[in-house]
Each structure stands twice: as C-alpha cells, then as structure tokens.
Amino acid sequence: MGGQHDIVEGYHNQIRYDVMDSIPRTDGTLIDVGGGTGATAAHVKSLGLASRVGTVDMVRPESTPDGVDFQFFGNIEDGGFLAEVVEKEGPFGTILCLDILEHLVDPWKLVASLGDALAPGGRIVASIPNVRHYRVSGALFFKDSWRLDDAGILDRTHLRFFVKETAVELMTSSGLQLESVEAPKRTRHRRRVAAFHKLTGGKLNSLVDVQYVVVVRKAE
C-alpha cells in the first residue's frame, strides 16, 4: 500500500485533518481507537507527533497505509481485549477517540480504562458530536422531528448524545484533567457561521458547533 496520498476518503479511511492541531507531540506511542485503516494514525506519525502508532477497530481493513506499526481488531468495550492491547503496546502517550464514544454502551467506563492505559502526562484526544446543533435541535423543537440517518450527528448507530458540558463531563469523569475543548473550524459556510457568531455575540455558538474536540491529560 502506498503512503498517505493514496488513501481515498471514506468513513474508515479518512485522515482527520480537523483534529491535528489538538494532537500533542510525544516521543511515545499513539493509538487511534476506532481508527479504521489507520490513515489518521499514519498521518500523525508522518508529522512527527508520535514515534509509534497503531489502531484498534472492530473492522479489519483490506489494506493499511505505510507507517502503521500495529493494529488490533475486536470490541474495545471487552475488558479482556482492552487489557491485551494495553499489555502488548501500552502505556500510551496519546489516545485518539474520534467520533467513537457516542457509539458505545458505556463510554464513561471506557474513558476510565483508557485513562489507566495512559503514560503519566499522556493525553486522550476525543471528538464528540454536538446534539445541540441547530439542524438537530431546530428540527426537534420546531418540527417535532428526531430523524436518524446513515451518518452525522443523528447517525442511527449512536447510542449516546452529548452537548459541550456533558462531553467535558464524560472526558473528566474518571479524574483526567481538562486541557482544552473547542469546536473545529468549519470550511463550509464559514462566512455564515462567522456572521452568526458576530450577530449573537458568541452566546449561541453551540447552535452551529457540529462537534467538540476535548483534550484531557493524565497527571504525572
């Protein structure tokens, strides 16, 4: 398989460029939970943000990009499986949970377990959809509609839903320290979003925030 430029866009093989600014540089190992083919992990390594990278996912890809050092396949909510991953490759300097926690039965338990798998000073970087976005809340309040879809904030495979406050509570519930929380900048409709922020004085930003990137840190 070729390098990062050979990776085509798709749900399991896209590079998450939107979170790159939130990923800390570490000399240790990075694991991408729900990382698909490993496209994001490989890109992180190419940027020098980690010395060793890998993924854990339910789906075994047909091919893997260059630069991925290890991959595990199984249910991350299975404590025995997670323990095996940590024993073989942990502790981790960085753990990515990008649009994965909302799919889980007990994301609070997993965050706690992943926190235990961090090296001292290690970080979890999570992206979590914002259910208060106007396309969801507007449809609910004004049209009495809560329509699940094949992708997006109301993906039919989502089991949990979060707003900014509860996303932060999820990531800090086991004692991890909050470093940052922000909504990635959108390239689409950026002028409309900027105008809305200006018009509302920033007080209703959460209505146009599609998701939040939350970074938490384990004490050294």
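The rules behind these values
- Residues numbered from 1 in each chain as written.
- Predicted model: local features only at pLDDT ≥ 70, side-chain atom pairs only at ≥ 80, totals over all residues.
- Heavy atoms only, no water.
- Patch = residues over 30% accessible without salt bridge, like charges linked within 9 Å, V, L, I, M, F, W, Y side chains within 5 Å.
- Areas by Shrake-Rupley, 256 points an atom, 1.4 Å probe, with all protein chains shown as cover.
- Salt bridge = Lys/Arg side-chain N within 4 Å of Asp/Glu carboxyl O.
- Helix = DSSP H or I, 4+ residues; strand = E, 2+ residues; numbered from the N terminus.
- Pairing = 2+ DSSP bridges.
- Axes fitted to C-alpha atoms, helices over the stretch in contact; angles between N-to-C directions.
- Contact = heavy atoms within 4.5 Å.
- 1 Å grid on protein atoms, 1.4 Å probe; cavity = no way out; pocket = protein on both sides within 12 Å on 5 of 7 lines; lining within 4 Å.
- Points joined across faces, edges and corners; volume = space filled by probe spheres on them.
- Buried < 20%, exposed > 50% of the residue type's maximum accessible area, 1.4 Å probe, protein only.

A. Representation of a nonpolar patch on the surface in the model. Taken together, L140, F141, F142, W146, L148 and F161 make up a surface patch of nonpolar side chains, about 670 Å² in accessible area. With respect to the helices and strands, L148 occurs in the loop between helix 4 (134-143) and helix 5 (164-172).

B. Structural view of the sheet that holds strand 4 (residues 92-98). Judged by pairing direction, the sheet is mixed, and its seven strands sit side by side in the order 3-2-1-4-5-7-6 without closing on themselves. Every interior strand has two partners, whereas the edge strands, strand 3 (70-73) and strand 6 (177-182), have only one. Taken over all neighbouring pairs, the strand axes of this sheet differ in orientation by 15° on average, direction set aside. Both strand 1 (residues 29-33) and strand 4 contribute to a ladder of four bridges, which runs parallel. Among the inter-strand pairings, L30 is bridged to a residue of strand 4, identified as T94. Here helix 2 (residues 79-89) sits on the sheet in contact with strand 1, strand 2 (52-57), strand 3 and strand 4, set at roughly 170° to strand 3.

C. Representation of empty space enclosed by the protein. By the definition in use, this model includes one cavity of 30 Å³ or more. If you add up the space inside the largest cavity, you get close to 40 Å³. Together, E102, P129, V131, I153, H158, R160, F161 and F162 line the largest cavity.

D. A look at helix 4. Of the residues making up helix 4, those classed as buried are V136, S137, G138 and A139. Phi turns positive one or two residues past the end of helix 4, at D144, with a value near 55°.

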